[in-house]
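Inside the fold
Listed below, chain by chain, are the residues.
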Amino acid sequence: MKGRCDVEIIDVLENPAAAEEDKILATPTLVRKLPEPVRKIIGDLSDLEKVYIGLDVTPSGSSTVRSGQ
Amino acid sequence: MTTPKLLKKLETGIAGLDEIANGGLPHGRSTLIAGTAGSGKTVMALQFLYCGITDYDENGVLVTFEETPADMMANVASFGWNLEALVEAGKLAIVDAAPDPSEDIIEAGGHDLAALMARIERAVRKVGAQRVILDAVGALFPQFSDALLVRRELQRILAGLRLLGVTTIINLERTEDEGPVGRFGVEEFVADNVLLVRNRLDMEKRRRTIEILKFRGATHQKGEYPFTIDELDGVTVLPLSATSLQQSSSDLRHSSGVPELDEMCGGGIYRDSIILVSGATGTGKTLMVTEYVKAAITAGQRVLLIGAEESRDQLGRNAKAWGADFDKAEEDGLLKVICRYPEVMGLEDHLLQMKRDIREFKPTRIAVDSLSAFERVSSVKSFREFVIGITGFIKEQQITGLFTNTTSMLIGGESITETHISTITDSIILLRYVELFGEMRRGLTVLKMRGTWHEKEIREYVIDGNGMSIKGPFKGVHGILSGMPTYSFTTEAERMETMFNIERGSS
């Protein structure tokens, strides 16, 4: 995944306007904007299985996914 | 020693609600409005927000969990509320927390709703809001798998709003009009102030009511009060039982239109009194109304006639036969005739509409023909409330009111209207058929007239081409009102003789 995606990290408590824009309710939330449809993965991503499903990726090695964040 | 500080109230601006809430919602706290689907809680909350901005210069924040902001704005546009303009003017901020069906949400680990709180807080600070509504929080629960978490987070949001010093309304749906306050246990942590709105089916008509279940640390009126929602005013609560008897009264008298009746009443009817004319069909109630209207027009007074049984044309034609020109009086601006069948809407709406008509036309007198027609469309309870509401309002405005009541029985008898409003009216005039010697005659009596002497006799009256004329009292007959007259003529024996022509006088 490295180099194949852009990840922007926003602190909603400091920038609530951005949270408003993306209609974020929960923290933390990982938003997959592309490819469409938009997916929101909420929570601390401890449930890796769900993260893979949410991002629609198949893990080749767990370390790659972590570096993607 | 200092006196304890009373909890401050915030006027909502919703007509009638502040009266039953003894001044408004508890200031700086959150109030839960719980109701079934279609009970009117969203309109009520939005009106709280809208009135705050337009009437009290208090900005607001709308947090929507259920409908999209665009839908909500479109829904209340029919009330003439332009929320979009308020947003543009920086007086209203919207936090859209409604689920977006095109988005997938996947839960992957622990989380909280700090982002939502941050968004609400930002909105409050952005417009300097003093009023916040959350509509409707129940929709938040299905979005997350952990209801406990949502409850805890909502509680935190409310605590945060309290710190911000805003007054909050939280809407919550109920599945039934009775039973538990709400779903998801929300009421457990916002139980300080609870309003219940209901939308019951009553005699095939919807009847909306609002009840203040509790205000912690503050007073309020108890029980259910009817309210209506219409395009002109949005929500109007009718605080009927809260109507206080504080009307002033006067010694001024008006003519009833029938000179003999004025005499029987000791010189006419009091200006701010309510008169009930009660009688069976065909006894001349509408004629009495016509005479009353005619007397007002002759005296140059404005008079409002509300017809519930006949059409405007019918009333006009009949009046013409008695020598009253309704068309001309309407042209002159002295008369306004409004004909509305009771069936067209609920009694609460009738009451609201009548009040509007009175405010608009500002009459000196009003006549309702007949009040008992409204009985048809309602339960006894809402009819009673309606009568109290309308009579209270008329008295407050110092208007003379004449109501008619149709009794179901030809002779004697009484009706719901009579039993329910006899204590409210100042005067009662009974029109009765009297069966005398195989003939139907008509009798009239002033049953009650507050604050003045009045004649107590039952007098005969006749209706002819000139209208109503009252003759002498029925002498020697009693039991007219019970419908079973008995004759006690001293000349009874003589009468018998003439009737049967038998020679008994010599015996």
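Everything quoted here is computed from the prediction, not taken from an experiment.

**Regarding unusual backbone geometry**
All names here are of chain B.
- Following Asp135, the chain continues to Ala136 via a peptide bond in cis, the omega torsion being -20 degrees.
- Checked against the element boundaries, Ala136 lands in the loop between β7 (131-135) and α6 (147-164).
- At the junction of Asp369 and Ser370, the peptide bond is cis and its omega measures out at -5 degrees in the coordinates.
- As for its position among the elements, Ser370 is in the loop between β18 (365-369) and α12 (380-396).

**Quick word on the pattern of salt bridges**
All names here are of chain B.
- For the structure on display, the rule yields 32 salt bridges over all chains.
- Between Arg450 and Asp426 there is a salt bridge, with its nearest N and O atoms 3.1 Å apart. With Arg450 in the loop between β21 (439-449) and β22 (459-464) and Asp426 in the loop between α13 (416-421) and β20 (427-436), the pair connects residues that are 24 residues apart, well separated along the chain.
- Residue Asp426 is classed as buried on the basis of its relative accessible area of 9%.
- Between Glu455 and Arg459 there is a salt bridge, with its nearest N and O atoms 2.7 Å apart. Pair check on accessibility: Glu455 and Arg459 agree, each one buried.

**Quick look at the sheet that holds β18(B)**
Residues and elements named next belong to chain B.
- Taken together, the 9 strands give an open sheet; going across it, the order is β17-β16-β18-β19-β15-β20-β21-β22-β23, and neighbouring strands pair in mixed fashion. With one partner strand each, in any of the chains shown, β17 (335-339) and β23 (467-473) form the two edges of the open sheet. Each strand axis lies, on average, 20 degrees off the axis of its neighbour in the sheet, ignoring direction.
- Judged from the 2 bridges that link them, β21 and β22 form a sheet pairing that is antiparallel.

Cut-off values and rules
- Residues numbered from 1 in each chain as written.
- Chains lettered and ligands numbered in written order.
- Predicted model: local features only at pLDDT ≥ 70, side-chain atom pairs only at ≥ 80, totals over all residues.
- Heavy atoms only, no water.
- Helix = DSSP H or I, 4+ residues; strand = E, 2+ residues; numbered from the N terminus.
- Salt bridge = Lys/Arg side-chain N within 4 Å of Asp/Glu carboxyl O.
- Buried < 20%, exposed > 50% of the residue type's maximum accessible area, 1.4 Å probe, protein only.
- Pairing = 2+ DSSP bridges.
- Axes fitted to C-alpha atoms, helices over the stretch in contact; angles between N-to-C directions.

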